[in-house]
Structure formats: C-alpha cells, structure tokens
Amino acid sequence: MEIAEILIAKGIGIEAGLSNSADAQKLAGTGLYKHCFRFLIEPQEKTTYEALTNVTSIEKILRKIHTNQSVLLHGTDTTVWDLVSVAFSKKIDTRIGFEDTVYLEPNSLAKSNYDLIGKAIRIRQKMYNY
C-alpha cells in the first residue's frame, strides 16, 4: 500500500487489479479505492462458472463501497471468450491480447493480437446485431 500512497501523492492514477474477493475487501478496507481510476477484475479460475462466481463476489464488495470508477473485466485462457461476452453484456470495459490467451478457439492459435481483437469485435457485433 505504501507504493500506492506514493503514486497518489505524485498525482499518478492507479488501476487496482482484483483477482478475488479478498483483494477487493483489502482494497475497500484501506480507503485507497477512492483514488483508483479503474478496477481491473481478473479472475484466475479455470472454469467460467467459477470465474463468474468470483466476479459476482468482487462486484458485491465494490457496490458496498459505492464506487463510480470504471470496471474492466477479462478472463484468461479457458474463460477469456466467455468473460469478453459477459463484459459486453454488462456494458463494461474488457480487453483481449496474448497476455490473456493465444487461442481463437480451443485448437486454433491466433497469429496476432489483431486476430484476437477481430474475434472480440465479431462477438460484440453479434450481441448487438451490427
């Protein structure tokens, strides 16, 4: 937390990465959440069900502290595409790139981040029919 306080004092924005409800609870207890410009919810679970259960518990804590900061939701590996879809449906930010997955489909490697971004765009277009 000392580093966060130094950054705040220097006017540098903080994006708080939250992997689980314990992270969110710890952040809520410090009061530093008031100085964050965004919350990055990044569950590490291997199944979509477990990841979404975790996301729900994190979101409950964020609602309790009445934050107005933006939220970015993303998954990794096996949950990445489902969580991209969830983020679009909730109208919150998401991200995609090789840090998150190298697969377009279970056995289909992406050649570049451009391929991954293209798939995310197609998912969003299909959801909103444009």
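These notes cover the structure that comes with them. Counting starts from 1 at the beginning of each chain's written sequence and moves along it residue by residue. It should be noted that, the model being predicted, local features are given only for residues of pLDDT at least 70 and side-chain atom pairs only at 80 or more, the latter also being counted only at that level, while totals for whole chains, interfaces and linings use all residues. Side-chain calculation: all heavy atoms of the structure are included, whereas hydrogens and water are not.

Details of the layout of surface pockets
Defined as follows: Note on definitions: the grid is 1 Å and covers protein atoms alone; a cavity is a set of points where a 1.4 Å probe fits but cannot get out; a pocket is an open set with protein on both sides within 12 Å along at least five of seven lines; lining residues have an atom within 4 Å of a point. Grid points are joined across faces, edges and corners, and a volume is the space filled by probe spheres set on the points. Comment: elements are numbered from the N terminus, with helices defined as DSSP H or I runs of at least four residues and strands as E runs of at least two. Amino acids outside the nonpolar list (Ala, Val, Leu, Ile, Met, Phe, Trp, Tyr, Cys, Pro) and the charged list (Asp, Glu, Lys, Arg) are all regarded as polar, and Gly is one of them.
Looking at the largest pocket, its volume works out to about 180 Å³. Around the largest pocket, the lining residues are Phe39, Ile41, Glu59, Leu62, Arg63, Thr67, Asn68, Gln69, Ser70, Val71, Lys90 and Ile92. Counting residues per element, the ones that place at least two in the lining of the largest pocket are β2 (36-41), α3 (48-64) and β3 (70-73). A total of three residues in the lining of the largest pocket trace back to one element, the largest contributor, which is α3. In the lining of the largest pocket, the residues fall into five nonpolar, four polar and three charged.

Some details on the pattern of salt bridges
Heads up, the rule is: Each reported salt bridge corresponds to a side-chain nitrogen of Lys or Arg within 4 Å of a carboxyl oxygen of Asp or Glu.
Tallied over the entire structure, the rule returns six salt bridges. Note that Arg38 and Glu15 form a salt bridge whose closest N and O atoms lie 2.6 Å from each other. Residue Arg38 is found in strand β2, and its partner Glu15 is found in strand β1 (residues 14-18); the two are separated by 23 residues along the sequence.

Remarks on the environment of Asn113
Counted only if it meets this: Here a residue-residue contact requires only that any non-hydrogen atoms of the pair lie within 4.5 Å.
Looking at the secondary structure, you find Asn113 in helix α5 (residues 113-128). Remark: the alpha-carbon pair of Asn113 and Glu2, spanning 111 residues in sequence, is separated by 35 Å. Discounting residues that sit within four places of it in the chain, Asn113 has contacts with Gly97 and Phe98.

Looking at the packing of helix α4 (residues 80-90) against α5
Worth spelling out the cut-off: In this analysis, axes come from line fits to C-alpha atoms, helices being fitted only over the stretch in contact, and the angle between any two N-to-C directions falls in the range 0 to 180 degrees. The labels follow the angle: roughly parallel below 35 degrees, roughly antiparallel above 145, roughly perpendicular from 65 to 115, and oblique for the rest. Should the near helix be turned anticlockwise from the far one by less than a right angle, the crossing is termed left-handed; should it be turned clockwise, right-handed.
With their axes 10 Å apart at the nearest point, α4 and α5 run at an angle of 45° to one another. Taken together, the axes of α4 and α5 lie oblique to each other. For the pair α4 and α5, the sense of crossing is right-handed. Together, Trp81, Val84, Ser85, Phe88 and Ser89 of α4 and Leu116, Lys119, Ala120, Ile123, Arg124, Met127 and Tyr128 of α5 make up the contact between the two elements. Grouping the constituent residues of the contact of α4 with α5 by class yields eight nonpolar, two polar and two charged.

Some thoughts on the packing of aromatic side chains
For any two aromatic rings, the description comes down to two numbers: the centre-to-centre distance and the angle of the planes. Note the following rule: Stacked, edge-to-face and tilted labels apply to pairs of Phe, Tyr and Trp rings (six-membered ring for Trp) whose centres lie within 6.5 Å, assigned for plane angles under 30 degrees, over 60, and everything in between, in that order. Charge-over-ring contacts are defined here by two conditions on Lys NZ or Arg CZ: a distance within 6 Å of the ring centre and an angle within 35 degrees of the ring normal.
Throughout the structure, instances matching the rule amount to zero aromatic pairs. In this structure, Lys119 is placed above the aromatic ring of Trp81, and the distance from its NZ or CZ to the ring centre is 4.6 Å. The side chain of Arg124 reaches across the aromatic face of Phe88, ending 5.8 Å from its centre.

Here we look at the packing of helix α2 (residues 21-30) against α3
Relative to each other, α2 and α3 sit at 10°, their axes nearing to 8 Å. As far as their axial angle goes, α3 and α2 are roughly parallel. Contact residues: Ser21, Ala24, Gln25 and Ala28 in α2; Asn54, Ser57, Ile58 and Ile61 in α3. Classifying every residue of the contact of α2 with α3 by side-chain character gives four nonpolar, four polar and no charged.

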